[in-house]
Amino acid sequence: MHLRFVDRRFPAEAAADDLIGEVYASARSLPDGMPLLLDDRWRPLEPWLAYFLVVGAATGTSTLRNYGYDALRFASFLDTRETDVVHATSEDIVAYRESRLAKAERPVSSATWRREVVVIRGIYRMLMQTGEIQREPWMSVGRASALSRPWHSEPDIRPLTQTQWATFRDVGLGGRNVSGELDPSWRGRAPLRSQAGAQLAVSTGMRLAEFSTLLDAELPSVSNSGASILLEACAKYQKRRRVHVPAATLRAVDLYRQTERRSVVNASRGSLWSRRSELFVVDEIDVSAGVVRGRLDGRRLSWRLHLMPPHLRRIAVVERDRGLEALGLFIGRGGLPISLRAWHATFETASRRVLELAPDEMGGRRSRITPHDLRHTFAVVLLKALTDIALARESERRAGSVGPASLSEHIAINPRLTVQRLLGHSNPATTMVYLRYIEDTDALIQDVFESWNDESLTFADAIWADRSAQ
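Our subject in this report is the structure included herewith. (Residues numbered from 1 in each chain as written. Predicted model: local features only at pLDDT ≥ 70, side-chain atom pairs only at ≥ 80, totals over all residues. Heavy atoms only, no water.)

Some words on the packing of helix α7 (residues 191-204) against helix α11 (residues 340-357)
Consideration 1: Taken N-terminus to C-terminus, the directions of α7 and α11 make an angle of 95 degrees; their axes are 11 Å apart at the nearest point. What the angle tells us is that α7 and α11 run roughly perpendicular. Along its contact with α7, which presents R193, S194, G197 and A198, the element α11 presents W343, T346 and F347.
Consideration 2: A breakdown of the residues in the contact of α7 with α11 according to their chemical character gives three nonpolar, three polar and one charged. (Axes fitted to C-alpha atoms, helices over the stretch in contact; angles between N-to-C directions. Helix = DSSP H or I, 4+ residues; strand = E, 2+ residues; numbered from the N terminus. Parallel < 35°, antiparallel > 145°, perpendicular 65-115°, else oblique. Contact = heavy atoms within 4.5 Å. Nonpolar A, V, L, I, M, F, W, Y, C, P; charged D, E, K, R; others polar.)

Next comes the structure, spelled out in structure tokens:
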């Protein structure tokens, strides 16, 4: 069983065989980004094709992608039980639920399971509407059914200490050895890009899907006061929030801009120009107003930066004096932003390297480090810092040094509310999970993230490391 997504940019001749070629040939009539579940002979699977035709017409691309993987996982599980979605029984549904919530090595979060339930309920409602089945394959009593289950597990929170973070950044992502020298055996690519992306995650709490789709214009050059970014279209559930980027992180990003990114931009102008017909060519960028305007497929488009969807960000380019340049911040060898899969592969490789070469510095940690672990680190560090501030102010108040706090002050310095807002959590209970970790980490507060940056790395060092890795 295979999963593909409709991409109207690819011609049918590029398809693997005639069957999948027919699917891509008809892609003009399918929603862009629509998931396609294919059997072993690369034939579209029903009823999933009909289901995603309906869902794809009214669902965003990023959500569709998640639904596609949920559908593939559910259909593959049923296939292992020698059944399919039409003939599955209540026992099959219960077995799938338990495999996701209880028997997995890392049970899924409640939010992920709720999303999977949306897909499962959706496919069965469609089957009932089309008359293929008479009723859902489970019995419901009130709100309880085979898809519901009391929730007891919590997310796996794995924050890094400051030492672990520095080691992961320098040894894992940067290709250095434990003593701080460049490892001649390292064969990684773009260390400054990897380090800048990771530092954005650990010092802002941004998710991978958020920092990986940032546009170069959204982050200003170095500023002693840092910078503020408004997220929405690329945020989870498109929930708007504003994040602050510390000055140290801006310096790391600017170093990457001046070295690796500049090199890739110069090398990819020709290839981007040859693909300009399939790209969103921007001819006007108003940074102060936060607006970009350009053309795609012969149509004139205008987007506010925070509302610009991920798929457009990945193909957005601007024409410079010497050719085309991607608007995306973190770009790969082809000149366009690298994929989420490439970011995950980077973290996977860096994790293996650092856990092998620096086990003592990693404090005996054995689990691999993911982009989301850096988000968790930000949450724990900030929550501890804000808690310390709140306790200090309360101590001063009891000593009579300051007057009584106003309601606005209570809200402004409330640690949980602040972290919930900065992380974009809808449910306060999600943020509450971090409370138990604030006494178990030696990470510093966000103001001290300046010290987490490698200030000893000079511009010349970066260029030498970049050239050595090529």
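What follows continues from the structure just given.
Some points on the nonpolar core
Consideration 1: The biggest cluster of nonpolar side chains holds 60 residues, and the ones touching the most others in it are F168, L200, F211, L214, L219, F280 and L374.
Consideration 2: A total of seven residues in this core trace back to one element, the largest contributor, which is helix α9 (residues 247-274).
Consideration 3: F211 has contacts with G197, L200, A201, M206, F330 and W343, leaving out every residue within four places of it along the chain.
Consideration 4: V6, Y51, V85 and L147 belong to the second largest nonpolar core, which has 38 residues in total. (Core = buried A, V, L, I, M, F, W, Y, C linked by side-chain atoms within 4.5 Å. Buried < 20%, exposed > 50% of the residue type's maximum accessible area, 1.4 Å probe, protein only.)

Comments concerning the sheet that holds strand β6 (residues 291-296)
Consideration 1: What the five strands build is an open sheet, ordered β7-β6-β5-β8-β9; its pairing is mixed. Two strands in the sheet have a free side with no partner beyond their single neighbour: β7 (299-304) and β9 (323-326). Each strand axis lies, on average, 40 degrees off the axis of its neighbour in the sheet, ignoring direction.
Consideration 2: Where strand β8 (residues 316-320) and β9 come together, four bridges link them in antiparallel fashion. Looking across to β9, one finds that V317 is bridged to A326. (Pairing = 2+ DSSP bridges.)

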